[in-house]
Each structure stands twice: as structure tokens, then as C-alpha cells.
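Spelled out, the chains give:
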Amino acid sequence: MTARIGVVTFPGTLDDRDSLRAVRLAGAEPVSLWHRDKDLHQVDAVVLAGGFSYGDYLRAGAISRFSPVMETIIEQARAGMPVLGICNGFQVLTEAHLLPGAMLRNNHLHFICRDQKLRVENAGTSWTGDYEQGQEISVPLKNMDGRYVADRRTLDELEAEGRVAFRYLARGEAAEGYGNPNGSLNDIAGITNAAGNVVGLMPHPEHAVDPLVGTGGTDGLPFFTSVLKKLVSA
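Residues numbered from 1 in each chain as written. Predicted model: local features only at pLDDT ≥ 70, side-chain atom pairs only at ≥ 80, totals over all residues. Heavy atoms only, no water.

Engineer: Run through a nonpolar patch on the surface, naming residues and quoting values.
Structural biologist: A surface patch of nonpolar side chains, about 280 Å² in accessible area, is lined by L14, F52 and F111. Assignment of secondary structure puts L14 in the loop between β1 (4–9) and α1 (16–26). (Patch = residues over 30% accessible without salt bridge, like charges linked within 9 Å, V, L, I, M, F, W, Y side chains within 5 Å. Areas by Shrake-Rupley, 256 points an atom, 1.4 Å probe, with all protein chains shown as cover. Salt bridge = Lys/Arg side-chain N within 4 Å of Asp/Glu carboxyl O. Helix = DSSP H or I, 4+ residues; strand = E, 2+ residues; numbered from the N terminus.)

The following block contains the structure:
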């Protein structure tokens, strides 16, 4: 049976179709999920796509966290369902307390859009199994509220437990694509929960799944093949 992976659309979501396409290219069945619907339509995993849900009023992701679909997603995520939050989806996951910390305005107060170099710090999650530990990848980044912050105790726990999933590569700040693009603490680009089934990251792997698009080639595709293999082996 083909795994079904749902992609949630909130008002203001921009990258849902890109995520659905990435799911299809990975070999799973993409399923569109509307934010007002509590029914997940028997999906095996969920992607919260990027964009500017509800125009980022209040805080990015703060309103979407209360959409009806999130009630079910929170319940299922805590029961072990794989959930990936990309950019705005990462923001929603922190607001829903499925991941710790918060996302604030970039430290330079500008929107940033570029190809970004990352290092894979944890290849043991549901969404990163097709990467190698320490692998360097390039995926597009586009955000205004991309600065990951947390208190010192939370940061220490994330580091000690290996829950930093991706880190911005700081080698050569002036080199194209390198360096911390938004002031995120500890150069954190993505994190995971303790169980490894919930992952959030700021860059956009769904924009790096086709060799004809972007300089990242297919560096983002393993996110989607990883969860597919995880679901098949479960």
C-alpha cells in the first residue's frame, strides 16, 4: 500500500503545492488537508508547509496553531505520527509546543531569500534517515521571522540530546550561501522532538527536489524519501 502524506493549507500558505509535488516525487501519495478540517483523511504523515499563515499577524504561526486541523495533528504527533514543519510550519510547531523555542524576526530586520548551506546534525529522525551524519547540503531559504531562540536550559537540552537536526554552515561568512542568515542561536536551522518523529526547519527542502530547479539540485528530496521508508518499515 502506498503511504499517504498530507500537506496542510492555511490561509496564506504559499508552498503547499511544492510540498505536495515533493511528496509525489518521493513516491508517496500526496493528500491536501484544509486547516478547518479536523479529519486527516487517513494520512500516515503530515507536512506543515511554508508561507505566511494569517499574514503572520500576532506572531508567525500563532493563529494557525488554533486551526481545527492542529488539534488532530497535535494528538497524532504525540502518538508518534511523523510531522514536518517547513518555515512557517516550523513556526506553527513551536507555537503548538510540539517543538521547543520560538521564531523571531531576523536579526537584520530584512526578508532573506537565498540558497543556504546546511549541515545534517541528526540523521536518525523520521525525516532525515536518508542523509548521512555531518552531510552538507544546499536548499533554498526564504524568511522574515527565521531567528530561532530558546532559553539556555532548552538550548543545552537540545545540544546534549542530539536534537539539533540541522545547523547553518558558518564556514566563510562572506562565501555565498554560508553563515548564519538570521541570527538563530547556536546556528540552529532545524530541530527535532525527543521521539524523532516531529522535525521543524526554516529552509525549504521542497524547493530542492528536482535537478532542473535551483542550485541545490535534489538535496531536499531525502526528507520525503526518508519518511516514506520509515513508514514502510513501521
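Engineer: Break down the state of the cysteines for me, citing the residues and quoting the values.
Structural biologist: Tallying each qualifying case throughout the model produces zero disulfides. Of the cysteine sulfurs around C87, a residue in no disulfide, the closest is that of C113, at 10 Å. (Disulfide = S-S within 2.5 Å.)

Engineer: With reference to specific residues and values, describe the pattern of salt bridges.
Structural biologist: All told, the structure shown has 12 salt bridges when counted by the stated rule. In this structure, the salt-bridge partner of D145 is R105, at a minimum N-O distance of 3.0 Å. You can see D145 sitting in the loop between β7 (136–143) and β8 (147–149) and its partner R105 sitting in the loop between β5 (102–104) and β6 (112–120), a full 40 residues away along the chain. Residue D145 is classed as buried on the basis of its relative accessible area, which comes to 11%. On the accessibility criterion, R105 (40% relative accessible area) is partly exposed. The salt bridge partner of R167 is E121, with a shortest N-O separation of 2.5 Å. Linking R167 in strand β9 (residues 164–168) with E121 in the loop between β6 and β7, this pair joins segments that are 46 residues apart in sequence. Through salt bridges with shared partners, one network takes in R119, E121, E159 and R167. (Buried < 20%, exposed > 50% of the residue type's maximum accessible area, 1.4 Å probe, protein only.)

Engineer: Describe helix α2 (residues 68–78), naming the residues involved and giving the relevant values.
Structural biologist: Looking at α2, one finds that the buried residues are V69, M70, T72, I73, I74 and A77. With its phi angle positive at about 115°, G80 sits one or two positions after the end of α2.

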